[in-house]
Amino acid sequence: MISAFFGDRFGYSPNISGFTPGRVNLIGEHTDYNGGLVLPAAIPLGISLAVGLREDDQIRVSSALYEHIYVGRIGDKAQSHWADYVIGTIHKANNLGLLSTGADIAIQSDLPSGAGLSSSAALTVGLLKLCRDLGSHPMSELEIAKQAQTIENEFIGVPCGIMDQMAVALSPPGQALSLDTFTLDFKLIEIPGNVHMAVIHSGIYRQLSEGRYKVRKEECDIIKKRLGRQDICRMTDTEYSNLSDLPATIQNRARHCWSEHRRTKSASLALKSNDMKLFGSLMTESHQSMRDDFEITLPEIDKLTEDAVKFGAYGARMTGGGFGGCMVACVDETILDEWKSRVLKQHPNAFYVC
Ligand code: GLA
């Protein structure tokens, strides 16, 4: 389908095409740039891409969402345009020796953007993988994830961690990726078949580049500076009590990093042993910590997660960078349909994603 779309837009057949999933983070929020644990999982929705090689340095980008074809060049700066991710990735692929020309790129996506489901990581990781696969470069998925993160950090200017890129590059469907973002060690954990990790969009859209994410990162930098360590999620109790002269807000941010890391560790163990009651209660605690200590939730999403639990989910939490987007709830398969309709009835602006 993506190849046919490419043909319609560019008038020839692509050299390569592929699909990259989005991800939902089950628990471990804002820990990935603080040296902590995360537990994301790939979702069935994602981005399909097709690439045709060019002989010049032009980059043409066509998304199924728009009629217009965006035209740029290798070396262009970011323009605050959706095509920046593609321009930055093709530029990076040239720097890495994966490509030596420009390219035509067609994009079809069923991922809602601004939802906290990593549409941008799916785009950069997916495109880098296709560029690698066009030649015989032995670049690993781990290296692809690292390079994709540098596109976001340096080209787009979003100071994100590495969770999203690792998740979309490495986690197969039906498994969660237990990732230590400090060492990049990871293992896969099977999601038990009797539960569904339901993703519901709140109906409130947000953008990471809006700046609130950056503010949280800067607040964490204050803690890093004070403690002289980057992996503040692993601070000791004594280190935490040594922060008592810092403003209360910064102490609260520290408490979230400290507690979320520990919750994520317990949640990985609970998932492994199929203890969904415990897993769910850790998700709900994670939401409360994001609401009270990290202050990245919104009243509408707090209510959505409360109702998700009230109507029978084991636990629920907002997922992703915050200030809008989706919640994820752990729901027993046997009550899923009824649960879904009760939650959505109560929240008419929300919609079921997967
Ligand atoms: C965004 C970022 C990730 C991570 C999450 C919050 O998705 O891209 O690196 O920081 O927010 O956990």
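Residues numbered from 1 in each chain as written. Predicted model: local features only at pLDDT ≥ 70, side-chain atom pairs only at ≥ 80, totals over all residues. Heavy atoms only, no water.

Participant: Quick question: what am I supposed to make of the packing of helix 2 (residues 84–95) against helix 3 (residues 119–134) here?
Facilitator: How two helices sit against one another is set out by the angle between their axes and by the gap between those axes. The geometry of helix 2 relative to helix 3 is characterised by a closest axis approach of 10 Å and an angle of 30° between their N-to-C directions. When the axes of helix 2 and helix 3 are compared, the pair comes out roughly parallel. The two elements helix 2 and helix 3 cross, and the hand of that crossing is right-handed. Each of Y85, V86, T89, I90, K92 and A93 in helix 2 lies in contact with helix 3, whose residues at this interface are S120, L123, T124, L127, L128 and C131. Looking at side-chain class alone, the contact of helix 2 with helix 3 contains eight nonpolar, three polar and one charged residues. (Axes fitted to C-alpha atoms, helices over the stretch in contact; angles between N-to-C directions. Helix = DSSP H or I, 4+ residues; strand = E, 2+ residues; numbered from the N terminus. Parallel < 35°, antiparallel > 145°, perpendicular 65-115°, else oblique. Left-handed = near helix turned anticlockwise from the far one by under 90°. Contact = heavy atoms within 4.5 Å. Nonpolar A, V, L, I, M, F, W, Y, C, P; charged D, E, K, R; others polar.)

Participant: Would you mind showing me how to read the sheet that holds strand 8 (residues 195–201) here?
Facilitator: Neighbouring strands of a sheet are bound in pairs by backbone hydrogen bonds; such pairs are parallel or else antiparallel. Read across the sheet, four strands follow the order 9-10-8-11 without closing on themselves; strand pairing throughout is antiparallel. Either end of the sheet is taken by a strand with one partner, and the two such strands are strand 9 (315–318) and strand 11 (351–352). By the bridge criterion, seven bridges tie strand 8 to strand 10 (residues 326–332) in an arrangement that is antiparallel. Looking at strand 10, one finds that I200 is bridged to M327. (Pairing = 2+ DSSP bridges.)

Participant: Please explain the packing of helix 3 against helix 4 (residues 141–156) as it appears in this structure.
Facilitator: Two numbers describe how helix 3 lies on helix 4: the axes approach to 9 Å, and their chain directions differ by 125°. One finds that helix 3 runs oblique with respect to helix 4. Handedness of the crossing formed by helix 3 with helix 4: right-handed. Across the interface between the two elements, S120, A121, T124, V125, L128, K129 and R132 of helix 3 pack against E141, I144, Q147, A148, I151 and E152 of helix 4.

Participant: Is there a simple way to explain the packing of aromatic side chains in this structure?
Facilitator: How two aromatic rings sit relative to each other is given by the distance of their centres and the angle of their planes. One pass over the full model with this rule turns up four aromatic pairs. Between F6 and Y12, the ring centres sit 5.2 Å apart and the planes meet at 90°, which makes this aromatic pair edge-to-face. One aromatic cluster in this structure is built from F6, F10 and Y12. (Phe/Tyr/Trp six-rings, centres within 6.5 Å; stacked < 30°, edge-to-face > 60°.)

Participant: What should I look at first to understand helix 2 in this one?
Facilitator: Counting along an α-helix, one turn takes 3.6 residues, and residues three or four places apart therefore face a common direction. The first and last C-alpha atoms of helix 2 sit 16 Å apart over twelve residues, in line with the 16 Å expected at 1.5 Å per residue. Of all the positions in helix 2, only D84, Y85, V86, I87, G88, T89, I90, K92 and A93 are classed as buried. Where helix 2 is buried, its residues contact strand 3 (58–63), strand 4 (70–73), strand 5 (103–109), helix 3 and helix 4. Where helix 2 ends, the next residue or the one after it, G97, has phi of about 80°, a positive value. (Expected span 1.5 Å × (residues − 1). Buried < 20%, exposed > 50% of the residue type's maximum accessible area, 1.4 Å probe, protein only.)

Participant: What am I meant to see in the pairing of strand 1 (residues 16–27) here?
Facilitator: Each regular strand displays side chains that alternate between the two surfaces of the sheet. Of all twelve residues making up strand 1, nine are buried, and the element is well covered by its neighbours. Sheet topology places strand 1 next to strand 2 (residues 37–53); ten bridges connect them, and they run antiparallel. Each residue of the ladder has a partner; that of F19, found in strand 2, is S48.

Participant: What am I meant to see in the domain arrangement of the protein chain here?
Facilitator: You'll often see interface size given as the accessible area lost when the parts meet. Domain annotation for the protein chain reports domain 1 (2–190) and domain 2 (195–352). Taken over C-alpha atoms, the centre of domain 1 sits 25 Å from the centre of domain 2. Between domain 1 and domain 2, the residue contacts involve 34 residues of the former and 45 residues of the latter. In total, domain 1 and domain 2 occlude about 3,000 Å² of area from one another, counting both sides; carbon and sulfur atoms represent 67% of this. Scanning the region where domain 1 abuts domain 2 turns up two salt bridges. As a salt-bridge pair, R317 and E29 come within 2.7 Å of each other at their nearest N and O atoms. At the boundary of domain 1 and domain 2, one finds 19 residue pairs in polar contact (both at pLDDT 80 or more). Of all the secondary structure elements, the ones that give two or more residues to the side of domain 1 that touches domain 2 are strand 1, strand 2, strand 6 (175–180) and strand 7 (186–190). Each residue belonging to the side of domain 1 that touches domain 2 can be placed in one class, and the counts come to 16 nonpolar, twelve polar and six charged. (Domains from an automatic or database assignment. Buried area = accessible area lost by both parts, 1.4 Å probe. Salt bridge = Lys/Arg side-chain N within 4 Å of Asp/Glu carboxyl O. Polar contact = N/O pair within 3.5 Å; in protein donor to acceptor, adjacent residues only side chain to side chain.)

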